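Observations on the three-dimensional arrangement
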Amino acid sequence: DTLSIENVQGSVELLNFKKGVMKTKGLVVNMDNVSFDGASKQFLFEKVNIYDPQQDFNVNARNVKLDSLVFIDSLKMLTGKGISWTKADIEINLLQPGKKANESLTVLFKKIQGTNTQLYFNNAKSSLSVFLTSLSIASIDKKEKLKIDRLKTDGKDLYWFGQHTSLTADKFSLTDNS
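To keep things clear, this report deals only with the structure shown in the data block.

Procedures and definitions
- Residues numbered from 1 in each chain as written.
- Predicted model: local features only at pLDDT ≥ 70, side-chain atom pairs only at ≥ 80, totals over all residues.
- Heavy atoms only, no water.
- Helix = DSSP H or I, 4+ residues; strand = E, 2+ residues; numbered from the N terminus.
- Contact = heavy atoms within 4.5 Å.
- Areas by Shrake-Rupley, 256 points an atom, 1.4 Å probe, with all protein chains shown as cover.
- Core = buried A, V, L, I, M, F, W, Y, C linked by side-chain atoms within 4.5 Å.
- Buried < 20%, exposed > 50% of the residue type's maximum accessible area, 1.4 Å probe, protein only.
- Salt bridge = Lys/Arg side-chain N within 4 Å of Asp/Glu carboxyl O.
- Phe/Tyr/Trp six-rings, centres within 6.5 Å; stacked < 30°, edge-to-face > 60°.

**A few points about the overall build of the protein chain**
Looking only at helices and strands, the protein chain features one helix and 12 strands. Going from the N terminus to the C terminus, the protein chain shows its helices and strands as β-α-β-β-β-β-β-β-β-β-β-β-β. A separation of at least 24 residues holds for 48% of the contacts in the protein chain among residues at least 6 apart in sequence. Summing over all exposed atoms, the protein chain offers an accessible surface of approximately 11,000 Å²; the carbon and sulfur share of this is 54%.

**Observations regarding the nonpolar core**
Grouped together as the largest cluster of nonpolar side chains are 32 residues, with contacts concentrated most on Phe45, Val48, Ala61, Trp85 and Phe109. If you list the elements that add at least two residues to this core, you get strand 3 (28-37), strand 4 (42-51), strand 5 (57-72), strand 6 (77-85), strand 7 (87-93), strand 8 (106-122) and strand 9 (127-142). Leave out the neighbours within four places in its chain, and Phe109 touches Leu69, Leu78, Thr79, Gly80, Ile83, Ala138, Ser139 and Ile140.

**A closer look at the pattern of salt bridges**
In this structure the tally under the stated criterion is two salt bridges. The salt bridge involving Lys19 is made with Asp32; its shortest N-O contact spans 3.0 Å. Within this pair, whereas Lys19 is found in strand 2 (residues 14-23), its partner Asp32 is found in strand 3, the two being separated by 13 residues in sequence. Looking at Asp32, the relative accessible area reads 16%, which means it is buried. If you follow the salt bridges from partner to partner, you end up with Lys19, Asp32 and Lys47 in one network.

**Here we look at the packing of aromatic side chains**
The final tally for this structure, using the stated rule, is two aromatic pairs. Taking the centre distance of 4.9 Å and the plane angle of 40° together, the rings of Phe36 and Phe43 count as tilted. Note on Phe36: relative accessible area 0%, which makes it buried. Between Phe43 and Phe45, the ring centres sit 5.8 Å apart and the planes meet at 20°, which makes this aromatic pair stacked. Like Phe45, Phe43 is buried. Among the aromatic residues, ring-to-ring pairing joins Phe36, Phe43 and Phe45 into one connected group.

See the structure below:
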């Protein structure tokens, strides 16, 4: 029911594998060229693809470092700490009308850093596409609503389109000092 890197950390000094797949009812993780070093207690992924069967999100990332990760299938909860990557494509699709909110995944991530990230964010009424050259987030908490703390990012090619409004920016910088 619970998959945890912390459970592996106390038992393994070194772990390497070329391909791995983790499947649960609410989450699929495909991994390429993975290593775990017991001394640093860090997982390294050359390539990882994470998605849910409902197509609410799809993440493709390269050169991922991860300090801790816990997935609890029965609670549909994913928590992680110390997450970084050098390149990623992230697609987030918000709840469709008629879809039950309790089907969605609860997510809590802390200490997130990424570079070269293409982000797509879609719902029934609007769409966002943006390239983030750098990204730093203290925490992301998604239960009923998405909460992001201490976001700092620089990016380009921002396109947001709503039903009657649109916003574009060639280059931007955004910092949340709260």
